[in-house]
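Observations on the model geometry
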Amino acid sequence: MFDISLRNAGLAYGDNQIFRNLNLTLEGGRWTCLLGGSGVGKTTLLRMIAGLTSGRSIRTQGEVVCGDGLPLQGRIAWMSQEDSLLPWADVMDNVTVGHRLRSRSWFRKKKLDTEVKEQALTVLEQVGIVDKACELPQNLSGGQRQRVALARTLMEDRPVVLMDEPFAAVDAITRLDLQDLSCQLLTDRTVLLITHDPLEALRLGHHVYHLRGKPAELTDAIIPPGQTPRSLDNEKLMMLQGKLLDRLRHSEHDEGSRVHKGDIQ
Ligand SMILES: Nc1ncnc2c1ncn2[C@@H]1O[C@H](COP(=O)(O)OP(=O)(O)O)[C@@H](O)[C@H]1O
Ligand SMILES: [Mg+2]
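Here is a short report on the structure shown in this document. (Residues numbered from 1 in each chain as written. Chains lettered and ligands numbered in written order. Predicted model: local features only at pLDDT ≥ 70, side-chain atom pairs only at ≥ 80, totals over all residues. Heavy atoms only, no water.)

A look at the packing of aromatic side chains
Scanning the entire structure with this criterion turns up zero aromatic pairs. A cation over a ring is seen here: R75 above F2, with NZ or CZ 4.0 Å from the ring centre. (Phe/Tyr/Trp six-rings, centres within 6.5 Å; stacked < 30°, edge-to-face > 60°. Lys NZ or Arg CZ within 6 Å of the ring centre and 35° of its normal.)

Some details on the side chain of D197
Mapping D197 onto the fold places it in the loop between β7 (190-195) and α8 (198-204). Given the relative accessible area of 17%, D197 is considered buried. Setting aside residues up to four positions removed in sequence, D197 forms contacts with L35, R175 and Q179. (Helix = DSSP H or I, 4+ residues; strand = E, 2+ residues; numbered from the N terminus. Buried < 20%, exposed > 50% of the residue type's maximum accessible area, 1.4 Å probe, protein only. Contact = heavy atoms within 4.5 Å.)

Some points on the sheet that holds strand β1 (residues 4-13)
Spatially, β2-β1-β4 is the arrangement adopted by the three strands of the open sheet, whose pairing is antiparallel. At either end of the open sheet lies a strand with only one pairing partner, and these are β2 (16-26) and β4 (58-66). In this sheet, neighbouring strand axes are inclined to one another by 5° on average, regardless of whether the strands run parallel or antiparallel. (Pairing = 2+ DSSP bridges. Axes fitted to C-alpha atoms, helices over the stretch in contact; angles between N-to-C directions.)

Quick notes on the site of ligand 1
Near ligand 1 you find Y13, I18, G37, S38, G39, V40, G41, K42, T43 and T44, and these make up its full shell. Between Y13 and ligand 1, the recorded distance is 3.3 Å, taken from a side-chain N or O atom to a nitrogen atom. In this structure, an oxygen atom belonging to ligand 1 sits 2.8 Å away from a side-chain N or O atom of T43. Burial of ligand 1 by the protein chains amounts to 56% of its free accessible area of 560 Å². It is helix α1 (residues 42-50) that provides the largest number of residues to the shell around ligand 1, a total of three residues. Taken together, the residues of the shell around ligand 1 sort by class into three nonpolar, six polar and one charged. (Near = heavy atom within 4 Å. Polar contact = N/O pair within 3.5 Å; in protein donor to acceptor, adjacent residues only side chain to side chain. Areas by Shrake-Rupley, 256 points an atom, 1.4 Å probe, with all protein chains shown as cover. Nonpolar A, V, L, I, M, F, W, Y, C, P; charged D, E, K, R; others polar.)

Some details on the pairing of strand β6 (residues 160-164)
For β6, the tally of buried residues reaches five of five residues, placing the bulk of the element in the interior. Direction of pairing for strand β5 (residues 76-80) relative to β6: parallel, over a ladder of five bridges. Looking across to β6, one finds that S80 is bridged to D164. Bridge count for β6 against β7 is five bridges, and the pairing is parallel. Bridge assignment links V160 to a residue of β7, and that residue is T190. As a crossover connection, the stretch from β6 through helix α7 (residues 172-185) into β7 is right-handed. (Right-handed = clockwise from strand over helix to strand, strands pointing away.)

Geometry only, nothing functional implied.
Okay, here's the thing in structure tokens:
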């Protein structure tokens, strides 16, 4: 699996410089987690990696480079906090929406190919909601809707997955379940997960970064010990969580203060 490197990346919305000279490598087949306060530029960074930052007042610098020398376009799946399910389509139709949009045969026949349907059922089985395949999103709980969103991401079957606070809107227990499930189903993919939740980052991340300041800078990586998803009774994890919470609190309070690097290990 290839690495993805962001080199000397900068982005400004008009006069609002979000970050500059930012360097980050997403290790191939590993999870990188990014923490940071609201408005610091996390989604912007994700959009820059995905190549979604064109606009008249947007200025970008730097480049995104894949270790295998090929373009990143077409190799990314995206999962966001809003499940973005189509309210009029049932679960099966939501999970296969990417396929249907790309498929000429679907437009002709208005019927899913058997193998696509089977693949969708397998994925729905994996995320534990195959019995909801014919339900509309309005009849599902928040956790079930995020499972559908995860299934749709898995259906895309891309090597790189960018996740923007995907579990922020669900309750704490459902969040733990979804973390475990995603970790299991997205093994071997290159994942960049943005989260507000230090525990989530520490359970799932092989590398954990904190984006802070204005323009925003990245702290040195924290490399939590042990295999993911890390268990809640891991003492070192709990200690790191305390330190990270403290640091997140301070950086939200000291807006504009200097970034201290490498103070957690
Ligand atoms: N399309 C845009 N045009 C202008 N400003 C934007 C745009 N998108 C985001 N911003 C601003 O950039 C900053 C960072 O936004 P964002 O990346 O969404 O932050 P985060 O995801 O960390 O909460 C915020 O101040 C936000 O208002
Ligand atoms: Mg955001």
